[in-house]
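Chain by chain, the residues:
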Amino acid sequence: MSVRELFDDHRLTTSGLLFEAHSGLLAKLEPTWKAHGLSGLDLNALLRVSRSPRQRLRMTDLATQTELSTSGVTRLVDRLAAAGLVERVLDPADRRSSYAALTDAGAERLAEVLPDYLDALERWLTGLLTPEQLDGLVAGLRVIRDATNPSATAIAESS
């Protein structure tokens, strides 16, 4: 294979498009969460907690899903707790473990943010694709996510 053929490899094009789309999408979505006083990481964590069983997520699972270290997720949850959006709940079965649990104020904040966020997602992501393209994208992303980051789907069991 020649150097020119290496430079033109479709795998480079595919990965480059994915990275460019990701950074472009974040740039388009950022004003929405900032307008509501949140960072992208704050919104990501709140969404993950809110969509988990009983609206709580084990701290270790939240760290895994957000790709944060233990200390990083502790700082994140401390910041969200100080804002009244989540609270720490000890696991009654294992006092060494704790959960981040969505508070009523956290649910209210999400209810304020989500209409604008969903509009932005529609404008810059889902609405740009046909239903068939969107189905293919979601299916493809699941395959890639499951192969490269299978622990991203970890959720706390309901107790």
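Described in the following lines is the structure provided in the data block. Every value quoted in this text rests on a predicted model; they were computed, and no experiment measured them.

**Quick notes on the layout of surface pockets**
In this approach, a probe sized like a water molecule rolls over the atoms, and the result shows the empty space that is left. Its boundaries defined by the atoms lining it, the largest pocket holds a volume of some 2400 Å³. As for the largest pocket, its lining consists of 45 residues, and the residues nearest its centre are His22, Leu25, Arg48, Leu125 and Leu141. Those elements that provide at least two residues to the lining of the largest pocket are helix 2 (10–35), helix 3 (40–50), helix 4 (59–66), helix 6 (104–124) and helix 7 (131–148). Looking at the lining of the largest pocket element by element, the count peaks at 11 residues for helix 2. Grouping the amino acids of the lining of the largest pocket by side-chain chemistry returns 24 nonpolar, 15 polar and 6 charged.

**A closer look at the sheet that holds strand 1 (residues 56–58)**
In space, the 3 strands of this open sheet follow the order 1-3-2, with antiparallel pairing throughout. In the strand order of this sheet, the two ends are held by strand 1 and strand 2 (86–91), each with one partner. With direction set aside, neighbouring strand axes in the sheet form an average angle of 30 degrees. Sheet strands touched by helix 5 (residues 70–82): strand 2 and strand 3 (94–102). Its angle to strand 2, the strand with the most contacts, is close to 120 degrees.

About the cut-offs
Residues numbered from 1 in each chain as written. Predicted model: local features only at pLDDT ≥ 70, side-chain atom pairs only at ≥ 80, totals over all residues. Heavy atoms only, no water. 1 Å grid on protein atoms, 1.4 Å probe; cavity = no way out; pocket = protein on both sides within 12 Å on 5 of 7 lines; lining within 4 Å. Points joined across faces, edges and corners; volume = space filled by probe spheres on them. Helix = DSSP H or I, 4+ residues; strand = E, 2+ residues; numbered from the N terminus. Nonpolar A, V, L, I, M, F, W, Y, C, P; charged D, E, K, R; others polar. Pairing = 2+ DSSP bridges. Axes fitted to C-alpha atoms, helices over the stretch in contact; angles between N-to-C directions. Contact = heavy atoms within 4.5 Å.

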